Amino acid sequence: MTEDSRPLAVFDLDGTLADTAHRQRFLERKPRDWAAFFGAAPEDPPLAQGVALALESAQECEVVYLTGRPERCRRDTVAWLAAQGLPEGRIWMRRNDDRRPARHTKLEILQKIAGKRAVQVLVDDDELVCDEAERAGFKVVRARWASTSAALKDAQEREGRT
């Protein structure tokens, strides 16, 4: 089976593979400090359960990444994934000016991906993203192995930043 014919395993980053707990404090301020929040991402510790699942998925699937991080974080994101020993794969990121909730942006991208390749699974920690993906017929693994602050959940839904 060639690389291009394997189904895709689509992984979220923050809260799924990367532990954002140390930087969630930047979102508890008024106004929220998005530059500091994303600037601290290279120091995220990996989430062992998510990393293990990605590595396991790579046996059968091509692993790709779908994140709410803005495009301006691409270089740091690529470096972080490599530093964790995660599979190389395409990374879909939100446009820098896209402030829609993740449940809208991610589902839109997921459906585009699925139009070209079979998507075997989506792994994400955002319950609203998971709900929308399941309603659209995707198999979902809910990443419930990290703690997410109320400020981060609110920011994801109201401010469409991650």
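In case you missed it, the structure is sitting above this.
All of these numbers come straight from a predicted model, not from anything done at the bench. (Residues numbered from 1 in each chain as written. Predicted model: local features only at pLDDT ≥ 70, side-chain atom pairs only at ≥ 80, totals over all residues. Heavy atoms only, no water.)

### Some details on the packing of aromatic side chains
Under the convention used in this document: The pairing test for Phe, Tyr and Trp rings, Trp by its six-membered ring, is centres within 6.5 Å, and the orientation test on the planes gives stacked under 30 degrees, edge-to-face over 60, and tilted for anything in between. The secondary structure listing takes helices from DSSP runs of H or I that are at least 4 residues long and strands from runs of E that are at least 2 residues long, numbered from the N terminus. The buried label applies to any residue whose accessible area, calculated with a 1.4 Å probe on protein chains only, is under 20% of its type's maximum; exposed applies above 50%, and partly exposed to all values in between.
Counted by the stated rule, this structure contains three aromatic pairs. Arranged with centres 5.7 Å apart and planes meeting at 85°, the rings of W34 and F37 form a pair that is edge-to-face. With a gap of three residues between them, W34 and F37 both fall in helix 1 (residues 34-39), about one helical turn apart. Across this residue pair, the class does not change: W34 and F37 are buried. Residues W34 and F38 carry aromatic rings whose centres are separated by 5.8 Å and whose planes lie at 25° to one another, so their mutual orientation is stacked. Placement of the pair is W34 and F38 together in helix 1, with a separation of four residues, close to one helical turn. Residue W34 is classed as buried on the basis of its relative accessible area, which comes to 6%. Judged by relative accessible area, F38 falls into the buried class, the value being 5%.

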